[in-house]
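Survey of secondary and tertiary structure
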Amino acid sequence: MISGAQYLVKALQEEQVEILFNYPGAATIDIMDELYKQDQVKVILPRHEQALAHAADGYARSTGKVGVCMVTSGPGATNLVTGIATAYADSVPLVCITGQVDLGLMGNDAFQEVDTVGIVRNICKYAVTVRDRKDLGRILKEAFYIARTGRPGPVVVDIPKNIQKAMGSDEYPTEVNIRGYKPNMAVHVGQVKKACSIISKAKRPLFLLGGGVSISGANQLMMDLIEKTGIPVVTTLMGKGAVDTRHPLYLGNVGIHGGYAPNVALTDCDVMISIGTRFNDRITGKLSTFAQHCKIIHIDVDAASISKNIKVDIPIVADAKLAIEKLLEYIEPHDLGDWPEQLQQLKAERPVTQADEEGLTPQTVIDYINNHYDRPIVTTDVGQNQLWTTQFLEVQGQHQMLTSGGLGTMGYGFPAALGAQMGNPDKRVFAICGDGGVQMNIQEFATAMHYRLPVTLIVLNNGFLGNVRQWQQLFYDKRYACTNLMMDESSIVTRDIIDNDGFEYVPDFVKLAEAYGAKAMRITKVEDIEKGFQLADTFKNGPTLLEFIIPTELNVLPMVPAGKSLSDMLLKDKK
């Protein structure tokens, strides 16, 4: 007979959890005491619960394992909410353990009491309060199973204090049998054959790949499929890395910030094979004009995602890896004429580039990473920094680019990079952030220094909340309401200001990083990029911050305005 707290620790060990991201509190103190007595599960103490969730998320995405975190009741649980929603939107497997007041106090407005399950039930796969000690093992076993199977996602287990203290069996379940949850583990071969028949008659077929390809670990199989068929490939923002981005059949990202050639391909194809994507509004643009003249084959592990936004012709409910294996078995290559060459020519004629810009640009920074590091892990924050990274970063496989694509969570990039570094201690990890979002979890410098994590934090500083400002520039006559983060709210960052060292910003990121004991450097010229990365390369005992100053009105292009079709791309800034 062991206590509930002891049992939880045993469950973590049985599930082979390597790292637990934890912030303490009264409602979890008994569990922490048991964790203190063992050394199989490493306990990491970040500096904020939201950052803790993002770190677990980054760990999960970069390793393919379930990320595990724990917080106390009340404000500890509510601080976790954004991280849970972020993981849910992007299908990231997390088990989130929350402490709770005694069962007898629940509903009585006790100290640090909130209805955790009620708050999170719509932003996770499953949430449950443990109400009987004898159910604890079953619930924990089910939590890990639910998190990693089907369409992965976060599961929240709320454990009251009296359940943690209650005595019970130490036997941990070995099997899971949930009557209402049976993930599809097979592929309907008949549907696959129908799909192959349609593809065989296509003159302009196209693969549209989403995040599901990498989540299922089907990257190499997908490479085999495009090699066999010769069919061109485009990806969603979350799908980048599904195939090697340097492959000649890869055209780029689609959607409202997609490239010209990928969006034209999506508009002109006659058969679209979509794998592991939900067809959200960032991909489709105006729904009524999307894919009007093509047949759509949609493969997704989540039946609810098929025909939810776009009506499809051949639905296949299956894990991406299993479905691609079957496609490889039954599909036969056929002559596509000059369709692939036309698209490659279009890509060459209308590239996504900032080559026409003078001086330091996000592309010159990201190109340095592309040219000097072998398959690094790169996380992003949200905004222009994210979009530039997804445009210019070369990705060669799964677990390499981590970004909040569904929820669009500012503050995600830095703590996610720390979680990724912990899960991949031998890899180079970069976080690319904007000057706004990075401040939302800047306190995690303390975590990075404490655990000596050599993450390189890249801050693209244009003095503004850049993505919103871009919309204000293009569609609101440059009325920059609440987006200027500089001391002088009437100014913008220009090349002249940068060249004359006239840029002033609060905080001073270099001094702030150095106050934590990290290394840091501000960079304003192309010729100094190498010096900055060399500084990061040589400092192994903690993070390095590289602040790159760029002009305010440097925009992310192409761009599809709100409510417009993919064919209505803006290729250049409005004058």
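Quantities reported herein were computed from a predicted structural model and do not represent experimental measurements. (Residues numbered from 1 in each chain as written. Predicted model: local features only at pLDDT ≥ 70, side-chain atom pairs only at ≥ 80, totals over all residues. Heavy atoms only, no water.)

What to know about the overall build of the protein
Each helix and strand in the protein was counted, giving 23 helices and 20 strands. Taken against the 2.2 N^0.38 rule, which gives 25 Å for 575 residues, the C-alpha radius of gyration of the protein at 24 Å falls within 12% of a compact globule. Counting only C-alpha atoms, the protein reaches 70 × 65 × 40 Å along its principal axes. Within the protein, the fraction of its 575 residues that count as buried is 59%. (Helix = DSSP H or I, 4+ residues; strand = E, 2+ residues; numbered from the N terminus. Rg over C-alpha atoms; globule rule 2.2 N^0.38 Å. Buried < 20%, exposed > 50% of the residue type's maximum accessible area, 1.4 Å probe, protein only.)

Things to note about the UniProt feature "domain: Thiamine pyrophosphate enzyme TPP-binding" (unreviewed entry) in the protein
As recorded in UniProt, the sites labelled "domain: Thiamine pyrophosphate enzyme TPP-binding" (unreviewed entry) are residues 381-547. The span residues 381-547 shows a helical share of 35% and a strand share of 14%, and its end C-alpha atoms are spaced 15 Å apart. (UniProt positions renumbered as here; feature names shortened; annotations may be inferred.)

Side note on the pairing of strand E19 (residues 519-523)
Here E19 pairs with strand E20 (residues 544-549) via 5 bridges, running parallel. Bridging from a neighbouring strand, Ala520 pairs with Leu545 of E20. In this view, the connection linking E19 to its parallel neighbour E20 by way of helix H23 (residues 529-538) has right-handed handedness. (Pairing = 2+ DSSP bridges. Right-handed = clockwise from strand over helix to strand, strands pointing away.)

Some words on the sheet that holds strand E10 (residues 233-235)
The strand order E11-E10-E9-E12-E13-E14 describes an open sheet built from 6 strands, whose pairing is parallel. The strands lining the two open edges of the sheet, one partner per strand, are strand E11 (250-253) and strand E14 (314-317). Averaged over all adjacent pairs, the angle separating strand axes in this sheet is 15°, with direction ignored. Relative to strand E13 (residues 295-300), strand E12 (residues 271-275) runs parallel, the two being bridged by 5 bridges. What sits directly across from Val271, in E13, is Lys295. Helix-sheet contacts for helix H9 (residues 189-200) involve E12, E13 and E14, and the interaxial angle to E14 is about 140°. (Axes fitted to C-alpha atoms, helices over the stretch in contact; angles between N-to-C directions. Contact = heavy atoms within 4.5 Å.)

Let's talk about empty space enclosed by the protein
Gaps between atoms show up when a probe of the same size as a water molecule is rolled over them. For the coordinates displayed, the defined rule picks out 1 cavity of 30 Å³ or more. The computed volume of the largest cavity comes to approximately 30 Å³. Lining the largest cavity are Phe21, Ile44, Pro46, Ala51, Ala55, Pro415, Leu418, Met422, Glu444 and Thr447. At the level of secondary structure, the elements contributing two or more residues to the lining of the largest cavity comprise helix H3 (49-63) and helix H18 (413-423). Among the elements that line the lining of the largest cavity, the one with the most residues is H18, at 3 residues. Grouping the amino acids of the lining of the largest cavity by side-chain chemistry returns 8 nonpolar, 1 polar and 1 charged. (1 Å grid on protein atoms, 1.4 Å probe; cavity = no way out; pocket = protein on both sides within 12 Å on 5 of 7 lines; lining within 4 Å. Points joined across faces, edges and corners; volume = space filled by probe spheres on them. Nonpolar A, V, L, I, M, F, W, Y, C, P; charged D, E, K, R; others polar.)

A few points about the packing of aromatic side chains
Following the criterion strictly, the structure yields 16 aromatic pairs and no others. A centroid spacing of 4.7 Å and a plane angle of 15° characterise the contact between Tyr368 and Phe533, whose relative ring orientation is stacked. Placement of the pair is Tyr368 in helix H16 (residues 362-372) and Phe533 in helix H23, with a sequence separation of 165 residues. Judged by relative accessible area, which is 11%, Tyr368 ranks as buried. Feature note: the residues Tyr368, Tyr373, Phe430, Phe533 and Phe548 constitute an aromatic cluster, connected by ring pairs. The aromatic ring of Tyr260 is capped on one face by Arg350, whose charged end is 4.5 Å from the ring centroid. The ring centre of Phe539 lies 5.5 Å from the NZ or CZ of Lys519, which sits over that ring. (Phe/Tyr/Trp six-rings, centres within 6.5 Å; stacked < 30°, edge-to-face > 60°. Lys NZ or Arg CZ within 6 Å of the ring centre and 35° of its normal.)

Quick notes on the layout of surface pockets
Here the second largest pocket is characterised by a volume of approximately 870 Å³. In this structure, the second largest pocket is lined by 28 residues; those nearest its centre are Glu357, Leu557, Leu571, Lys572 and Asp573. In terms of residue count, the dominant contributor to the lining of the second largest pocket is helix H17 (residues 384-392) (3 residues).

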